[in-house]
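# Coordinates in review
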Amino acid sequence: QVQLVESGGGLVQAGGSLRLSCTASGRPFRNYSMGWFRQAPGKEREFVAAVTWGMGITYYADTVKGRFTISRDNAKNTGYLQMNSLKPEDTAVYYCAASITIAPITSPLNYDFWGQGTQVTVSS
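Because the structure is predicted, anything quoted here is derived from the model rather than measured.

The next subject is the overall build of the protein. Secondary structure summary: the protein contains 0 helices and 11 strands in total. When its helices and strands are written in sequence order, the protein yields β-β-β-β-β-β-β-β-β-β-β. By the compact-globule yardstick of 14 Å for 124 residues, the protein fits well, its C-alpha radius of gyration being 13 Å. A principal-axis box enclosing the C-alpha atoms of the protein has dimensions of 40 × 25 × 25 Å. Classification of the 124 residues of the protein by burial places 44% in the buried group. Contacts in the protein between residues far apart in sequence, at least 24 positions, make up 59% of those at least 6 positions apart. When the accessible area of the protein is evaluated, it comes to approximately 6300 Å², of which 52% is carbon and sulfur surface. In the protein, the 11 positive side-chain charges and the 8 negative ones have mean positions that sit 6 Å from each other.

As structure tokens, then:
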């Protein structure tokens, strides 16, 4: 089992930045791929970014590419999502998730463990 806790969400103006953190406990975090997903009201949960275990290959949704950066510090059992140039359409609850596999890394069905989510609100 892996327990995940997100933090760092909040209210920010358009163009601003936030850094989300995802702290893991339980089994060694380094053995899991990590993903970030988001869900806005009335919409399905969508993929945002992911980083694989091992080689640390990163993947991004087209909507956030160039603005968001995913990273992980296995020694601290923590993953991060740096979000820059935020837009109102980035408003959502953001979830981190962990998977023992690599593919399909963009599908929420691939992930075994989830955090409780953190709200990100971007005002215009």
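With that settled, the discussion passes to the nonpolar core. Core analysis: the largest hydrophobic core is formed by 35 residues, its most contacted members being L4, W36, V48, F68, L81, M83 and Y94. Secondary structure elements with two or more residues in this core: β1 (2-7), β3 (18-26), β4 (33-39), β5 (46-51), β7 (68-73), β8 (78-83), β9 (92-99) and β11 (118-123). Residues in contact with Y94, not counting those within four places in the same chain, are E6, L20, W36, F37, R38, V48, F68, L81, M83, G117, T118 and V120.

Bringing the state of the cysteines into the picture now. Considering all chains together, one arrives at 1 disulfide under this definition. Note that C22 is cross-linked by a disulfide to C96, the S-S spacing being 2.0 Å. Around the S-S axis, the bridge from C22 to C96 shows a dihedral of about 60° and counts as right-handed. Of the two residues, C22 sits in strand β3 while C96 sits in strand β9, which places them 74 residues apart along the sequence. A single burial state applies to C22 and to C96, both of which are buried.

Turning to the pattern of salt bridges, a few remarks are in order. Within this structure, the stated rule accounts for 4 salt bridges. Within this structure, R38, E46, R67 and D90 form a network of salt bridges that share partners.

Parameters and conventions
- Residues numbered from 1 in each chain as written.
- Predicted model: local features only at pLDDT ≥ 70, side-chain atom pairs only at ≥ 80, totals over all residues.
- Heavy atoms only, no water.
- Helix = DSSP H or I, 4+ residues; strand = E, 2+ residues; numbered from the N terminus.
- Rg over C-alpha atoms; globule rule 2.2 N^0.38 Å.
- Buried < 20%, exposed > 50% of the residue type's maximum accessible area, 1.4 Å probe, protein only.
- Contact = heavy atoms within 4.5 Å.
- Areas by Shrake-Rupley, 256 points an atom, 1.4 Å probe, with all protein chains shown as cover.
- Lys, Arg positive; Asp, Glu negative; His and termini not counted.
- Charge placed at Lys NZ, Arg CZ, Asp CG, Glu CD.
- Core = buried A, V, L, I, M, F, W, Y, C linked by side-chain atoms within 4.5 Å.
- Disulfide = S-S within 2.5 Å.
- Salt bridge = Lys/Arg side-chain N within 4 Å of Asp/Glu carboxyl O.

It is worth stressing that arrangement in space is one thing and function is another; only the former is reported here.
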